[in-house]
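Descriptive analysis of the structure
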Amino acid sequence: MRESGAREARPYGTRAVRMWVTEPAVPVAVLGVAAVAAVLQAPVLTWAITGGLAGYSLSGSV
């Protein structure tokens, strides 16, 4: 029997989604992959994405 105040752990619920959205490694990894892909396309895109990584790290989000 379960107590009235106890909640079941749901690792695949909104808590897990919130964890992945707020994890700082996820956007850094995405921007890092985009920077590597942009190197092959255009140097201007590389600088734009590198600036995005720098802004993200300087904003205190990391």
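Now for a description of the structure that goes with this document. (Residues numbered from 1 in each chain as written. Predicted model: local features only at pLDDT ≥ 70, side-chain atom pairs only at ≥ 80, totals over all residues. Heavy atoms only, no water.)

End to end, helix H3 (residues 43-58) covers 22 Å across 16 residues, agreeing with the expected 22 Å (1.5 Å per residue, within 8%). Listed as buried for H3 are Thr-46, Ile-49 and Tyr-56. Buried residues in H3, looked at end-on, bunch into an arc of 95°, giving them a common side. Of the exposed residues in H3, those oriented more than 90 degrees away from the buried face are Pro-43, Val-44, Trp-47, Ala-48 and Leu-58. At the exit of H3 stands Gly-60, carrying a positive phi of roughly 90°. (Helix = DSSP H or I, 4+ residues; strand = E, 2+ residues; numbered from the N terminus. Expected span 1.5 Å × (residues − 1). Buried < 20%, exposed > 50% of the residue type's maximum accessible area, 1.4 Å probe, protein only. Arc of directions from axis to C-beta.)

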